[in-house]
Structure formats: C-alpha cells, structure tokens
Amino acid sequence: MRSVDVARTALGNTFRSKLRTALTVVAIVIGSFTLTLTSGLGAGVNKYVDTVVGGFGGSSQMFVLSTGAADAEPTDGPAEYDPEAAASSGGMFGPGSGGGVLTDSDIETIEEIENVSAVDPMVFVSPDFIETPDGAQYDLELDVPANALGLELAAGDAPGDDGMELSIPEDWLTIFDTEDAEQVIGETVQIGISNVTGEQSTVEAEVVGVSEEALSGIGATPMPSRELNQQLNDLSMEGYEGQAQNAYTMAVVDVENIETNEQGVKDALVEEDLLGLTVEDQIGAVQGVIDAVSWVLSGFGLIALLAASFGIVNTLLMSVQERTREIGLMKALGMSSGKVFGLFSMEAVVIGILGSVIGVVLGLGAGLLGNAWLTGEGGPLGGVAGLTLFAVDPLAIIGITALIVFIAFLAGTLPAARAAKKDPIEALRYE
Amino acid sequence: MSTPVLETENLVKVYGKGATRFDALKGLTFEIHEGESVAIVGKSGSGKSTLMHLLALLDEPTSGVVALGGEPVTALKPKKVSQLRNDTFGFVFQQFFLNPNQTVLENITLPLKIAGVGKSERNRRGMEVLEQLDMADKAKNKATNLSGGQKQRACIARALVNNPTVLFADEPTGNLDTATSEIVEDILFGLHRDQGITLVVVTHDEDLAAKCQRRLMMQDGEIVTEEHGATGVHA
Ligand SMILES: Nc1ncnc2c1ncn2[C@@H]1O[C@H](COP(=O)(O)OP(=O)(O)OP(=O)(O)O)[C@@H](O)[C@H]1O
Ligand SMILES: [Mg+2]
C-alpha cells in the first residue's frame, strides 16, 4: 500500500463515524486551545517585559542600593551613636530605598571597586507642589531621573541631564486644561519645596515630555531632569546646620564589560553591605514569575490532553473492534501487519492534527481578540502603554501541534497494535 | 503432467491442547496442478475450510509442508507470505466482506491498493474486470445497494483484479438461489476455461463439485476418496 493511500484511507475512515470522531477531536481541541492560549500569554507578557527592559537601554548599568538591614547588627544595649548611620536612617528620603540610603563614603567605596567606570548617585526629593501657569497648585511627587530610560513618551522628549526640565504623565494633561499632549510641551511650571527649616522656595521648570504609564509604573509620576532634581535637593538641604551629609536613594553604576565583571562587582558590593542589581536581575525575576505561571497554566492544558488521549485510545479501540472483518479481509488480501499498524496510527494522527489545528486556530483567535479588547483603546488595560498580553510565537505553535500529534500517535499505538495482531482467519470468522 | 502449482506433504493441523485437542487435518498429501479445477467436498466440520486456509497461506500448519510452485512456504517471513497471497491468489469468501460505505469499484480494487498500485491504474484495471463480469454500470454504486448475485460477482471481480494464478472460493454459491448460483458457476468455469486459472472450490453443492476436474472427498480431517473427470458441462 502506498503512503498516500494509507493517508487517504485513514482520512476517509476517520470521517466514517463523524460524531464519534468529532467528540474525540473536541477533547483534543480543548487541550490544544489551552496550550496555545497559555503559551501565547506567557510570550506576550514576556515580550512586553522585554520592551520595558529595552527601554532601560544601557545594560552596562547596575543599580546599587544599601542593604540597610545589614547595618542593624544585633547589639546588646543601646547602639553607639554613629553620624553616618544616623544619616542613613533619615526617614525623609522617600520610598524605594530598601533598608537604607547611600552616603558619600558609600559612593566613594563604590567608585574604588574594580571595573566600575562611573557612579551616578540618585537623590530622591520630596517637593511640596507644582504650580501651573494659571496659578493652580497641585500635590507633587517626583520619580528619580535614573528611571528616565524606561519612560514611554506620548509626546516630546524625556527630561535630559541638563536644563530645568520635567515630564508629566498623560493623565495630568487636565491640569493644563487640554487633551492634546503636544500642547503642553514648552509650558513652564513652578515647583515648590521646603527646606529643613520649613522655609518654602520655588524653582521654574519646563515641561518637555508627556509620558504614558508603563507596566513597571514608570511614567505614572512626573520625572525631573538631573539638574532639576539636584537643584531641588540643594534647596531642601538649605539651612542644614553643621556638616551637610548627602544621602542617596541609590546609585547608577556603569560597569566595564558587564557580562564578565558583573559577578565580581556584585561580590565586592556585598562586602560593603551594598546590593547591586542589573536591569536583567530586576526584569528576570518578573519573567521568572510569568514563566512559572504560564507553565502551571500549560500544565492544565497537558492534563486536558492526557484525558483526550484516552479518548483517542477508546475511539480507536472501538473502531478496531467494529472493523475486525475489514482488517481480516485486508490482511487476507495481503496487507502486512506493519501497514495495518500504520493505517490505524495514521487515523490517530489525523485525529491529532484535526484537534490541534482547530484548537490552535481557536486559541490564536481568542488570544488575539482578547488582547485587542483588553489592551486596546478604551479596554480595561488600555492605559498601559505598549502592553501585550498575547503574542504569536510560531515556534511554540509548531511545538504544540507536534506535541499533540505525537501524543495522538502514542495513544493510537495500542489500538493499532491490536489491529495489526489480528489473525485474518479469526477476523473473517468474527460475526 | 504440468508442474504442481500447490502441493502438500503430510499436512497436519491441530487445534487446542490437552483435553480440548482436536486434530482437524490428519496428514494430507496431494498436488494441485496449474490450470486444474479442484473441488474440496465433505460434511460440515470435516476440515475443508481449514485445508483451504492452509493452501491459501492464511494459516500455518501444525506440521507438514505447503509448497507453492515447488518451493516450501513454511519458512518464509510473514511479510513475504502476505505479498505472495496478494500476487498469486484470488479469494472468494463464504461471506461477501464488501465494505458497505465504499463504491463497488473501490471495493474490488482493494487488492491493487494493498499491492501499491496507483489510483488511475487501479481504476482502469477495476473497470476492465467489472466489464468482464457485466458489472461496469454498477461501478459507482455503493456496495450495500447491490443484490446478492451482484455482490457475489463483485467479490469475484475483487478476486480477479490482480490476475491471480489460483482462485480460492469457499462456498461461492452458498448464499445464492439456484438461478444466480448457475450464473456464478458459469463465470468461475468460464475464467478457468478461458484464462487457465487454477480453481480451488470448497462446496456442499453437488452440481458445482461435479463441474470440477477433480474432487477431494474429506471426512474427519482426511481425504477419503479422490474422483477424477468433470461430469458437468465442461469436459
Ligand atoms: N480455531 C479453532 N479452534 C478449535 N477448533 C477449530 C478451530 N477452527 C476450526 N476448528 C474445528 O476444526 C474442524 C474443521 O473445521 P472447518 O472449518 O475446516 O470445517 P469445514 O469442513 O469447513 O466445515 P463447514 O462445511 O461447516 O464449513 C471443526 O470441527 C472445527 O470445530
Ligand atoms: Mg467451512
């Protein structure tokens, strides 16, 4: 028997009892639909995370934080006063600082670590208000300039290093009485900040960009340029009696040849009770969680497939039983056992292909439509710039199809072996 | 005398073991020559079908030898035996064994499909055989829609489509009325006469047996008598 005839006959036989085949196929469709959806979901979210990483650009950078907790060595009785540690625990330096803050001596230590080419300390300032040209004042919290790399812009540019600039989030357009992002570019605002003695002063800054909110949260708050940030910090420190003790939320460190030197720098930082994180470290943790979730979901898809494969075994066993005479006839007329096995395995494969193709198409359709609806204009997640919840990964789809066809083939081997083993005489005697 | 196309030597078939042991064939030795027509006759349970299955290589003897064209087949691999069956033999079974969902043409070209013949060649040869049996107009009909006689003719067409050397027929007229039986007998003996096909017929039917050149009378797994000379229309 020619292979093409085996395939054609198998196809014909599959459609002989349509309802039974359809029900078996449905079970496989459920499995392949689930797998397509979950793998697409994982791919989509990871793709989004990747674009966020891409936004941070310079991957030669490492973010350095004080581990803080390490400072609080267990002591008996009251700890001896240490001005540096006191500055470190100064509570005014905002969120995101982990356990503690970096001091000037920390920065010097970092600079001395091998392979560190530049250290850019970040200060976190807490201004009081922002004033629009029409005189209205609003509460203001500022992001740190280091995050500017991750900014997704709806209009204008990200605030740079120099110049008194800032970007505002898209939903702040209302305070300028406009909906057009382009219109606020170039507007001048006043930012008010209090110093340590409670005295308030203002600085002028220009709006240079309008940001969209990324999933990372960057872009949800106004972001100052480095110069503006520094200026605000200087204002807030004014009137400080005694030796001014700078405190930094974190430092952005440039590392030479980060691929090879990453671990060395990190180890050196740990010795100083500091923690170095690359962008990959931060994003990698997120992707690890996403991968884990999508694997768990895929596990459910695989369970559905396992159930479906028993459906195939059952369907084909029934089919073999029903067609005992036909099998006997074919063998009597000279069909080899191998070909009989091939014919029935092929029927299993046909069922597998049908189920996987339908499931994959439905899964892709549902995924793409769902993604368009959820993240599209006006959707529940429409506000998150660049968010993709579902991506088509051709390799994954080929993999899923191949896996299902393989599972179907495996499921078909038991009935096919049954069919191949049939004795033609017994089969022809079978009533 | 021509070369024996099929020969057996001390052919034994035993079913079961111990208490249920049953000797279906008890050491048969005979020859069937090319172009002969042979009837295997005997009471029910005498071992006729068992013998035919062994001759047709559908089953293996417990002991003894079946030789095809002078070569013993017992030692051959199953795949080779399948191929031999497909090339050399045509079968008309006691029941029709037609696939009801397929057309007559698809049914009768099954041996060619198994042999790996391409579709157009299959259909050409199938139509040729159907024309020979006056069935060409039924080629596209579903097999279920045929009368009993037409079904038996379709079965004969299927047996002939691969130009067999030997045609085995187990009770070919068992299911048919007298008139239709005669038509089927005419076809079988016509083929034997015109194409020189070797005919091996298992039957209860005295008329059909009488038309064969040789009759092997079986009883309890043994050939008790052997008659020569057709007493029917063909001498
Ligand atoms: N698979 C088997 N197991 C046990 N006994 C069997 C088996 N096949 C056949 N027999 C026995 O072998 C004997 C011969 O059977 P066979 O089918 O050859 O008879 P037959 O001459 O063709 O009869 P009929 O004219 O009724 O078809 C019978 O007694 C039958 O019961
Ligand atoms: Mg019989």
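Just so it is clear, the model here is predicted, and its values are computed rather than measured. Along every chain, residues carry numbers that run from 1 in the direction the sequence is written. As they are written, the chains are lettered A onward and the ligands numbered 1 onward, keeping that order. The predicted nature of this model means local features are confined to residues of pLDDT at least 70 and side-chain atom pairs, given and counted, to a pLDDT of 80 or more, with totals for whole chains, interfaces and linings taken over all residues. To get the side-chain values, all heavy atoms of the structure are used, and hydrogens and water are removed first.

Asker: An account of the overall build of chain B is requested, with residue identities and associated values reported.
Answerer: Where helices and strands are cited, they refer to DSSP runs of H or I of at least four residues and of E of at least two residues respectively, numbered from the N terminus. When helices and strands are tallied, chain B shows eight helices and 10 strands. What you see for chain B is a C-alpha radius of gyration of 18 Å, in line with the 18 Å of a compact globule of 235 residues. Each principal axis of the C-alpha distribution contributes one length, and for chain B these read about 50 × 40 × 40 Å. With a 1.4 Å probe rolled over the protein chains alone, any residue whose accessible area is under 20% of its type maximum counts as buried; one over 50% counts as exposed, and the rest are partly exposed. By residue count, 54% of the 235 residues in chain B fall in the buried class. The contact criterion used throughout is that any non-hydrogen atoms of two residues lie within 4.5 Å. Taking contacts inside chain B between residues at least 6 apart in sequence as the whole, the part at least 24 apart equals 67%. We get accessible surface area from the Shrake-Rupley algorithm with a probe of 1.4 Å; when it comes to residues, only the shown protein chains can shield them. When the accessible area of chain B is evaluated, it comes to approximately 10600 Å², of which 48% is carbon and sulfur surface. Our radius of gyration looks at C-alpha atoms and nothing else; its globule reference is 2.2 Å times the residue count to the power 0.38.

Asker: I'd love a proper account of the overall build of chain A, names of residues and values included.
Answerer: Per the secondary structure count, chain A includes 12 helices and 13 strands. For chain A, with 431 residues in total, the buried portion stands at 45%. Considering only contacts in chain A between residues 6 or more positions apart, those separated by 24 or more positions represent 81%. Accessible area of chain A: about 20600 Å², with a carbon and sulfur share of 57%.

Asker: Give me the lowdown on the interface of chain A and chain B, citing residues and values where you can.
Answerer: On the chain B side, the residues contacting the 22 residues of chain A number 24 residues. For chain A, the biggest contributors to the area lost against chain B are Leu329(A), Leu333(A) and Ile425(A); these three give 28% of the whole. Any carboxyl oxygen of Asp or Glu within 4 Å of a side-chain nitrogen of Lys or Arg constitutes a salt bridge here. Linking chain A with chain B are one salt bridge, by the criterion used here. Where Asp5(A) meets Arg122(B), a salt bridge forms, and the shortest distance between an N and an O atom there is 2.6 Å. Under this definition, polar contacts are N or O atom pairs within 3.5 Å; protein pairs additionally need one hydrogen-donor-capable and one acceptor-capable atom, and for neighbouring residues in sequence, both atoms have to be side-chain atoms. On the surface where chain A and chain B come into contact, there are seven residue pairs in polar contact (both at pLDDT 80 or more). Counting residues per element, the ones that place at least two in the side of chain A that touches chain B are α1 (3-14), α9 (324-332) and α12 (424-429) of chain A. Take the side of chain A that touches chain B: its biggest share by element is six residues, from α9(A). Class assignment of the residues belonging to the side of chain A that touches chain B gives a composition of nine nonpolar, three polar and 10 charged. When two parts are brought into contact, each loses some accessible area as probed by a 1.4 Å sphere; the total of that loss over both is the buried area. Classes in brief: Ala, Val, Leu, Ile, Met, Phe, Trp, Tyr, Cys and Pro nonpolar; Asp, Glu, Lys and Arg charged; the others, Gly included, polar.

Asker: An account of a negative patch on the surface is requested, with residue identities and associated values reported.
Answerer: All names here are of chain A. Residues Glu108, Glu111, Glu112, Asp267, Glu271 and Glu272 make up a contiguous surface patch of negative charge. With three residues, helix α4 (residues 104-112) is the single largest residue contributor to the negative patch. Along the chain, the position of Glu108 falls in helix α4. Residues with no salt bridge and a relative accessible area higher than 30% make up the patches, which join like charges within 9 Å and nonpolar side chains (Val, Leu, Ile, Met, Phe, Trp, Tyr) within 5 Å. A residue counts as positive if it is Lys or Arg and as negative if it is Asp or Glu; His and the chain ends are not included. Lysine's charge is taken at NZ, arginine's at CZ, aspartate's at CG and glutamate's at CD.

Asker: Lay out the sheet that holds strand β2 (residues 22-33) of chain B with the relevant residues and their values.
Answerer: All names here are of chain B. Strand pairing follows a simple DSSP-based rule, namely that at least 2 bridges must link the two strands. Read from one edge to the other, the open sheet built from four strands follows the order β2-β1-β4-β5, with strand pairing classed as antiparallel. In the strand order of this sheet, the two ends are held by β2 and β5 (71-72), each with one partner. Sheet topology places strand β4 (residues 63-68) next to β5; two bridges connect them, and they run antiparallel. If you follow Ala67 over to β5, its bridge partner there is Pro72.

Asker: Tell me about the nonpolar core, and name the residues and values.
Answerer: All names here are of chain B. Throughout this description, the term nonpolar core refers to a set of buried Ala, Val, Leu, Ile, Met, Phe, Trp, Tyr and Cys residues connected via side-chain atoms within 4.5 Å. In terms of nonpolar packing, the biggest core is built from 51 residues, with Leu6, Ile32, Ile40, Leu51, Leu55, Phe91 and Phe168 touching the most fellow members. Apart from the residues lying within four places of it in its own chain, the contact partners of Ile40 are Lys48, Leu51, Leu55, Val200, Val201, Val202, Thr203, Leu216 and Met218. Ranked by size, the runner-up nonpolar core spans 39 residues in total, among them Ala39, Leu133, Leu160 and Cys212.

Asker: Which residues make up the UniProt feature "transmembrane region" (unreviewed entry) in chain A, and what are the values?
Answerer: Residue and element names in this part refer to chain A. Under the UniProt annotation, the feature "transmembrane region" (unreviewed entry) is placed at residues 21-43, 295-320, 341-369 and 389-412. Along residues 341-369, the helical share is 100% and the strand share 0%, with 42 Å between the first and last C-alpha atoms. Its end C-alpha atoms 36 Å apart, residues 389-412 is made of 79% helix and 0% strand. UniProt positions are given in the numbering used here, feature names are shortened, and annotations may be inferred rather than shown by experiment.

Asker: Run through the site of ligand 1, naming residues and quoting values.
Answerer: Taken together, 14 residues lie near ligand 1, and Ser44(B), Gly45(B), Lys48(B), Ser49(B) and Thr50(B) sit nearest. Residues lining ligand 1 come from chains A and B. In this structure, an oxygen atom belonging to ligand 1 sits 2.8 Å away from a main-chain N or O atom of Gly45(B). Compared with its free state, where it exposes 640 Å², ligand 1 has 68% of that area covered by protein. One heavy atom within 4 Å of a molecule or strand is enough for the residue carrying it to be called near that molecule or strand.

Asker: Please give an account of the confidence of the model for chain B that cites residues and values.
Answerer: The score called pLDDT rates the predictor's confidence residue by residue, from a low of 0 to a high of 100. When pLDDT is averaged across chain B, the result is 89; 97% of the residues are at 70 or more. In the model output, the complex is listed with pTM 0.72 alongside ipTM 0.89.

Asker: Summarise the pairing of strand β1 (residues 4-15) of chain B; cite the residues concerned and give the values.
Answerer: All names here are of chain B. The pairing of β1 with β2 spans nine bridges and is classified as antiparallel. Along β2, the bridge assignment pairs Lys13 with Leu25. Inspection of the sheet shows β1 paired to β4 by five bridges, in the antiparallel sense. Within β4, the position partnered with Glu7 by the bridge is Ala67.

Asker: Can you explain the side chain of Glu185(B)? Please cite residues and give values.
Answerer: Residues and elements named next belong to chain B. Within the fold, Glu185 resides in helix α7 (residues 178-195). One polar contact links Glu185 to Lys211, side chain to side chain, over a distance of 2.5 Å. With near-sequence residues (within four places) excluded, Glu185 lies in contact with Thr173, Asp205, Leu208 and Lys211.

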